[in-house]
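# What the coordinates show
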Amino acid sequence: MTDLTDGTAVCRRLPGRTAVVTGAGSGIGLAAARRLAAEGAHVVCADIDEAAGKAAAEATGGLFVRTDVTVPEDVEALFRAADDRYGSVDVAFNNAGISPPEDDSILDTGIDAWRRVQEVNLTSVYLCCKAAIPYMRRQGRGSIVNTASFVAVLGAATSQISYTASKGGVLAMSRELGVQFAREGIRVNALCPGPVNTPLLTELFAKDPERAARRLVHIPAGRFAEAEEIAAAVAFLASDDASFVNAAEFLVDGGIAGAYVTPL
């Protein structure tokens, strides 16, 4: 057992394994990096923000690699660095993503905003999976967790059209890769969080409180998730406790996708 900084006791399910986390500098990525380190993993923290990425690596006793996840050479160098330093790539948490305010209704979202979100949220996952899988095939095992979203399975009138489409793509790609590589010991799952109390969400909703209120009412739990709650799901999917969980749509949404109406 080991303790997180909040005193939570954690079983060490990943001793000696190497976990690569993109978008590790903040939000879900940072919480996941901390949780995976607490589980005993060597954590490789990837972020385009050097200060945030280095801080995450220091907090987890891991390695920082500055990475633009939309650049193939950067992504290849990231996984190569993980293997060079620790001798394996056991877990890939492909989490980096953006949700800019200019991504809105299809009627208002320009092609440049559409393309940028697709590059960061979907193409980056393609690049990370493409880079990670050869290492995992060599080892005969590995767990890939791709961050999709509950919006991949639900429609919203308060649309972020490119974000929604990108997360649907992540979900579909994760299913296909999970099926394709299952007999080589590689599991690929799509993590589908509900709204999470992260800087990304806070910034988005601060600019539009009405949108935040409209979304909050649909959450049966009555609140947004904390990043640590999503990180716990990442640690489960990364570990052997999830050895028969593959090609799955893993919802961690407080009941949103199951709700017809929410409690008063």
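Everything numeric in this text was worked out from a predicted model, so none of it was measured.

A word on the environment of Ser174. Tracing the chain through its elements places Ser174 in helix H5 (residues 161-180). Owing to a relative accessible area of 1%, Ser174 belongs among the buried residues under this scheme. Placed twelve residues apart in sequence, Ser174 and Ser162 show a C-alpha to C-alpha distance of 18 Å. If we skip the residues at most four places from it in the chain, Ser174 touches Asn146, Val188, Asn189, Ala190 and Ala247.

With that settled, the discussion passes to H5. Helix length check: H5 (20 residues) gives 29 Å between terminal C-alpha atoms against 28 Å at 1.5 Å per residue, within 8%. Buried residues along H5 sit against helix H4 (111-139), strand S7 (142-147), strand S8 (186-193) and strand S9 (249-252).

Our focus in this paragraph is unusual backbone geometry. Positioned with a positive phi, Ala247 is a non-glycine residue whose angle comes to about 55°. Residue position: Ala247 is located in the loop between helix H8 (227-238) and S9.

Once that is clear, we can look at the side chain of Thr109. With respect to the helices and strands, Thr109 occurs in the loop between strand S6 (91-94) and H4. A polar contact is formed between the side chain of Thr109 and the backbone nitrogen of Asp104, at a distance of 2.7 Å. Engagement of the side chain of Thr109 in a polar contact is seen with the backbone oxygen of Ser105, the distance being 2.8 Å. Aside from chain neighbours lying at most four places away, what touches Thr109 is Glu102, Asp103, Asp104, Trp114 and Ile161.

Attention shifts here to the pairing of strand S5 (residues 63-66). Successive residues of a regular strand alternate their side chains across the two faces of the sheet. The pairing of strand S4 (residues 42-47) with S5 spans four bridges and is classified as parallel. In the strand pairing of S5, Asp47 is matched with Arg66. In terms of handedness, the path from S4 via helix H2 (residues 50-60) over to S5 forms a crossover that is right-handed.

Turning our eyes to something else, we now look at the sheet that holds S4. On the basis of which strands lie adjacent, the open sheet formed by seven strands has the order S5-S4-S3-S6-S7-S8-S9 and parallel pairing. Bordering the open sheet on either side are S5 and S9, each of which pairs with just one other strand. The sheet shows a mean angle of 20° between the axes of neighbouring strands, taken without regard to direction. Two elements, S7 and S8, share six bridges in a ladder whose sense is parallel. Within S8, the position partnered with Ser143 by the bridge is Arg187.

What counts, and where the lines are drawn
- Residues numbered from 1 in each chain as written.
- Predicted model: local features only at pLDDT ≥ 70, side-chain atom pairs only at ≥ 80, totals over all residues.
- Heavy atoms only, no water.
- Helix = DSSP H or I, 4+ residues; strand = E, 2+ residues; numbered from the N terminus.
- Buried < 20%, exposed > 50% of the residue type's maximum accessible area, 1.4 Å probe, protein only.
- Contact = heavy atoms within 4.5 Å.
- Expected span 1.5 Å × (residues − 1).
- Polar contact = N/O pair within 3.5 Å; in protein donor to acceptor, adjacent residues only side chain to side chain.
- Pairing = 2+ DSSP bridges.
- Right-handed = clockwise from strand over helix to strand, strands pointing away.
- Axes fitted to C-alpha atoms, helices over the stretch in contact; angles between N-to-C directions.

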